[in-house]
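Read off the chains here:
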Amino acid sequence: MGGAFEPARGRAAAGLNPRAAAHRMLGEVRRGTRSDRAASRILPAVDPADRGLALDIAFGCLRLRARLDAWIGACADRPPARMDRAVRDWLRIGAYQLTELRTPDHAAVGETVGAARSALGRGRAGYVNAVLRALARRRDGDSGAGPDALAAAGPFPDPDVDPVGHLSSWGSHPEWLVRRWLARWELADVRRLVEQQNRAPDVVVRLLTGDDPAPPDGVELDPVPGWPRSFRLEKGLPGTALSGLRAVIQDPAASAVVDYVGGRLGEPVLDVCAAPGTKALGLAAAYGVPVVALDISHRRLARLGAPARRLGLPVSAAVADARRLPVAEAGTVLADVPCTGTGVLRRRADARWRLEQRSLDDLVALQREIVDACAAAVRPGGLLVYSTCSLEREENEEQVDAFLDRRPDYRREPHPEGARGDCTTPRGDLFVRPWLTGTDGAYAARLRRIA
Ligand SMILES: C[S@@+](CC[C@H](N)C(=O)[O-])C[C@H]1O[C@@H](n2cnc3c(N)ncnc32)[C@H](O)[C@@H]1O
């Protein structure tokens, strides 16, 4: 539902209605709060039994915003962009239940309008009621069937005639991103990518040992096909699963980056953009070496302490700016740089709507500064591993190519043994494409300092 998000424990004070909670989360995100922070703040006020529904509705409304707005626009007297924002959020909440959750009409409309009435008053709640009732009729008239029929019959452009229109409305992704992806990949692949980014991610547990997992009571794990040591959490909470396993919560794409570092390291690794630290823990466990974990964010880095102690791994943490590294020399450096995260959009429900071309350009400039500072710290013969969770060329291979032009004392290394063929590029970089693997996206390059 909400990925690895695990709400704070504790009794719900007043048992906030789940739809009202979803509405509050949408309001906070509109005012600039990140979706996971909004959820952490608001969910503790919801009865534990209703938290899953509140989270599903809120994150679903964020991911599928453009799809829901197309439905709403087709059934209202004005486009959603011209609606009162609080009203529009209630409409999205109702539309999500009607078209995605397939909640029976009386509950989807009745419960939503009831919650909206307490917040908006009778008049505006009456408008929400009228639009949602029209939407329920329109949806039934269009199909009464599953999502494929809805995609074909609802108020969405035909993908073969107008692929950009289809993927930015039904696909609910910003048009500029859709255009970039269509210029690069087949329509069928971009459709799969977009659909995958629209679904809530599974919680995946990565074992740090080669043993068969013996999960604690109440926890069920299923192997993820093609990813040894990765298991989908079928039942139980992430915290309970970790309490009985030598493991971290990590998507297979992130685990692939740890494996891609490769070889025998034999000396401490410097992880310069490390927080919250799952790769740092994975590196220490997989290669049996100490890891020095640096990050600019004290708050994010603080999340590394407890798991490192629980697992007894030699990971030490310090706040530092990777553009001005406080380290003279290192044998292996991992730079898992800040990026647009276009390979992990399903995890950050609101992220796609914050991104713009300018954020990409700013991040590319920051990544360049970080990789240059790291390059200066790697000793001759040492290895610099550059990685992102982006799918964009500018942040990945083009960033690496430009680096290699600036630094002729580095060369690209081939991928290490055991890398999956469908996750490596012809030049040996790691490139995990979500539509091929069913995982997050990730990129990494191994850069050896030769002089
Ligand atoms: C992709 S995340 C790292 C994820 C981490 N490697 C892991 O596996 O858990 C990027 C990190 O870069 C950090 N960051 C951003 N700018 C930085 C800078 N100038 N110096 C160091 N860290 C920075 C962010 O705080 C964020 O934690």
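Refer to the structure presented above.
Residues numbered from 1 in each chain as written. Predicted model: local features only at pLDDT ≥ 70, side-chain atom pairs only at ≥ 80, totals over all residues. Heavy atoms only, no water.

## Examining the environment of Leu366
Filter applied, for reference: Think of it this way: any DSSP run of H or I at least four residues long counts as a helix, any run of E at least two long counts as a strand, and we number them from the N terminus. Exposed residues in this analysis have more than 50% of their type's maximum accessible area, buried residues have under 20%, and partly exposed residues fall in between, with area computed by a 1.4 Å probe over protein chains only. For this analysis, residues touch if any pair of their heavy atoms sits within 4.5 Å.
The topology assignment puts Leu366 in helix α18 (residues 357–377). Taking the relative accessible area as the measure of exposure, Leu366 reaches 24% and is therefore partly exposed. For the pair Leu366 and Arg124, spaced 242 residues apart in sequence, the C-alpha to C-alpha distance is 46 Å. Ignoring sequence-local partners within four residues, the contact set of Leu366 consists of Arg323 and Pro338.

## Things to note about the sheet that holds strand β2 (residues 220–223)
Operational definition: The pairing criterion for strands is at least two bridges between them, as found by DSSP. Comment: axis = line fitted to C-alpha atoms, over the contacting stretch for helices; angle = value between 0 and 180 degrees taken between N-to-C directions.
Strand order in the open sheet formed by 4 strands is β2-β3-β1-β4, and the pairing between neighbours is antiparallel. Of all strands in the sheet, those bounded by a partner on one side alone are β2 and β4 (247–249). The mean inter-strand angle of the sheet, taken between neighbouring strand axes irrespective of direction, is 35°. Pairing between strand β1 (residues 204–207) and strand β3 (residues 230–235): 3 bridges, direction antiparallel. Residue Val205 lies in a different strand from β3, and its bridge partner there is Phe231.

## Quick word on the side chain of His173
Rules: Nitrogen and oxygen atoms within 3.5 Å of one another constitute a polar contact, given that in protein one can donate a hydrogen and the other can accept it, and given that sequence-neighbouring residues count only through two side-chain atoms.
Inspection of the secondary structure puts His173 in the loop between α9 (163–169) and α10 (175–184). Judged by relative accessible area, His173 falls into the buried class, the value being 1%. Here the side chain of His173 touches Gly171 through a polar contact of 2.9 Å, landing on its backbone oxygen. Sequence-distant contacts of His173, defined by excluding residues within four places in its chain, comprise Leu167, Ser168, Val178, Trp181, Val194, Gln197, Asn198, Leu345, Arg352 and Trp353.

## Description of the site of the ligand
Applied cut-off: Only heavy atoms are used to decide nearness, and a residue is near a molecule or strand if one of them lies within 4 Å of it. Here, Shrake-Rupley sampling with a 1.4 Å probe gives the accessible areas, and only protein chains in the shown set may cover a residue. In this classification, Asp, Glu, Lys and Arg are treated as charged, Ala, Val, Leu, Ile, Met, Phe, Trp, Tyr, Cys and Pro as nonpolar, and every other residue, Gly included, as polar.
In the vicinity of the ligand lie 19 residues, with Asp295, Arg300, Asp321, Ala322 and Asp336 positioned nearest. Ala322 places a polar main-chain atom, nitrogen or oxygen, 2.8 Å from a nitrogen atom of the ligand. A total of 600 Å² of accessible area belongs to the ligand in isolation, and the protein chains cover 88% of it. Residue classes in the shell around the ligand are distributed as 10 nonpolar, 3 polar and 6 charged.

## Details of the side chain of Glu413
Structurally, Glu413 can be placed in the loop between β10 (410–412) and β11 (430–432). Accessibility expressed as a relative area gives 10% for Glu413, which makes it buried. A polar contact is formed between the side chain of Glu413 and the side chain of Arg448, at a distance of 3.1 Å. Aside from chain neighbours lying at most four places away, what touches Glu413 is Tyr260, Leu383, Gly428, Arg446 and Arg448.

## Observations concerning the pairing of strand β12 (residues 442–449)
Within β12, 7 of the 8 residues are buried, which leaves it mostly tucked inside the rest of the structure. Here strand β9 (residues 378–388) pairs with β12 via 6 bridges, running antiparallel. Residue pairing in the sheet places Thr388 in a bridge with Tyr443 of β12. Alignment of β10 against β12, held across 3 bridges, turns out to be antiparallel. Note that in β12 the partner of Tyr410 across the bridge is Arg449. As judged from the 3 bridges shared by β11 and β12, these two strands associate in the antiparallel manner. Each bridged residue has a counterpart across the sheet, and for Phe431 the counterpart in β12 is Tyr443.

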